[in-house]
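Analysis of the macromolecular model
One letter stands for each residue in the lines below.
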Amino acid sequence: MGRIVDLAGYVFAAGIVLAAAILLLEVFLRYFFNRPTIWAHETTVFLCGAAFVFGGLYCTCKNSHIRVVLLYDLLSSGARRVANVVISLASAVAAAFFAYAAWHMVERAVWTPSGDIRLETTGSAWSPPTPALIKIFVLVVMVLLVVQFLILAVNYARGRYDR
């Protein structure tokens, strides 16, 4: 799973570069030609939001998330291993709760009360379905986070990671 997430990281990194290019184009079109676009801001918000959401999964897969080590550094290596397993399992449970909440957001953003599929839009002049798409993406990432935290817990229990 780590290799797939690592490769997908390049896609989201390219999305950040694309968002910067779109904003640069928007500034150029707006102030030099007086021809602003209706899509630039919503597109960049979507691209940056998706990259931000993906960043949590990326850091977890790389096992490089921020740790508060005030007490952690005082533990013996065996106690650290147990703490890592417990922390990973607790994080998996928390991610599962967030996935459950994300499912409810997806239900409201994708289906009408009558059961028809209709993606939630921004309501702007362009009105893309980015709110629904980002909510679906959050759900997918939360489910993947549960899996990744379980993988980490197993790896810590087997002694594959020191920290």
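As a starting point, this report considers the structure included with it.

Criteria and thresholds
- For every chain, the first residue of its written sequence is number 1, and the numbers climb from 1 along that sequence.
- Side-chain atom pairs in this predicted model are given and counted only at pLDDT of 80 or more, local residue features only at pLDDT of at least 70, and totals for whole chains, interfaces and linings cover all residues.
- The side-chain numbers reported here are obtained from all heavy atoms of the structure, hydrogens and water having been left aside.
- In the sections that follow, a salt bridge refers to a side-chain nitrogen of Lys or Arg positioned within 4 Å of a carboxyl oxygen of Asp or Glu.
- Each helix corresponds to a stretch of at least 4 residues labelled H or I by DSSP, and each strand to a stretch of at least 2 residues labelled E; elements are numbered beginning at the N terminus.
- Only protein chains enter the accessibility calculation, which uses a 1.4 Å probe; a residue is then buried when its area is under 20% of its type maximum, exposed when over 50%, and partly exposed in between.
- Among buried residues, those of type Ala, Val, Leu, Ile, Met, Phe, Trp, Tyr and Cys that are joined through side-chain atoms within 4.5 Å constitute a nonpolar core.
- Every patch collects residues that have over 30% relative accessible area and no salt bridge, joining them within 9 Å if they carry like charges and within 5 Å if they are nonpolar side chains (Val, Leu, Ile, Met, Phe, Trp, Tyr).
- Per-residue and other accessible areas were derived by the Shrake-Rupley procedure at a 1.4 Å probe size, with only the shown protein chains allowed to occlude residues.
- Note on definitions: angles span 0 to 180 degrees between N-to-C directions of axes, and those axes are lines fitted to C-alpha atoms, for helices only across the stretch in contact.
- Working definition: roughly parallel below 35 degrees, roughly antiparallel above 145 degrees, roughly perpendicular at 65 to 115 degrees, and oblique for all remaining angles.
- Handedness of a crossing is defined here by the sense of rotation of the near helix relative to the far one, left-handed for an anticlockwise turn of less than a right angle and right-handed for a clockwise turn.
- Gly counts as polar in this scheme, as do all residues outside two lists: the nonpolar Ala, Val, Leu, Ile, Met, Phe, Trp, Tyr, Cys and Pro, and the charged Asp, Glu, Lys and Arg.
- Pairs were defined over the aromatic rings of Phe, Tyr and Trp, the Trp ring being its six-membered one, requiring ring centres within 6.5 Å. Orientation was assigned from the angle between planes: stacked under 30 degrees, edge-to-face over 60, tilted for the rest.
- The contact definition used throughout considers only heavy atoms, calling two residues in contact when any of these lie within 4.5 Å.

All told, the structure shown has 4 salt bridges when counted by the stated rule. Across the pair Arg30 and Glu26 runs a salt bridge, and its minimum N-O distance is 2.9 Å. Here Arg30 and its partner Glu26 are both found in helix 1 (residues 2-32), 4 residues apart, which amounts to about one turn of the helix. The class for Glu26 is buried, based on a relative accessible area of 2%.

Here the focus is the environment of Ile136. Mapping Ile136 onto the fold places it in helix 4 (residues 130-158). Judged by relative accessible area, Ile136 falls into the partly exposed class, the value being 30%. Each C-alpha atom, one on Ile136 and one on Arg80, is 35 Å from the other, the two residues being 56 residues apart in sequence.

This part covers the nonpolar core. Ranked by size, the top nonpolar core spans 24 residues in total, and within it Phe12, Phe54, Leu57, Phe137, Leu145 and Phe149 carry the most contacts. At the level of elements, helix 1, helix 2 (40-61), helix 3 (77-110) and helix 4 are the ones that each hand at least two residues to this core. Per element, the largest residue contribution to this core is 10 residues, and it comes from helix 4.

The next subject is a nonpolar patch on the surface. A surface patch of nonpolar side chains, about 930 Å² in accessible area, is lined by Met1, Trp103, Trp111, Ile117, Leu119, Leu133, Ile136, Val140, Val143, Leu144, Val147 and Ile151. Per-element accounting of the nonpolar patch gives the leading share, 7 residues, to helix 4. Within the secondary structure, Val143 is located in helix 4.

Looking now at the packing of helix 1 against helix 2. At a minimum axis separation of 9 Å, helix 1 and helix 2 run at an interaxial angle of 155 degrees. Comparing their axes, helix 2 and helix 1 come out roughly antiparallel. Every pair of crossing elements has a handedness; the one defined by helix 1 and helix 2 is left-handed. Residues of the contact of helix 1 with helix 2, tallied by class, amount to 17 nonpolar, 6 polar and 3 charged.

The next thing to look at is the packing of aromatic side chains. Counted by the stated rule, this structure contains 6 aromatic pairs. Taking the centre distance of 4.3 Å and the plane angle of 15 degrees together, the rings of Phe12 and Phe54 count as stacked. Residue Phe12 is located in helix 1, and its partner Phe54 is located in helix 2; the two are separated by 42 residues in the primary sequence. Of the two residues, Phe12 and Phe54, neither departs from the other in class, the shared state being buried. Through pairs of rings, three or more aromatic residues link up here, namely Phe12, Phe54, Tyr58 and Phe137.

A word on the side chain of Gln148. Structurally, Gln148 is set in helix 4. Gln148 has contacts with Met1, Leu57, Thr60 and Cys61, leaving out every residue within four places of it along the chain.

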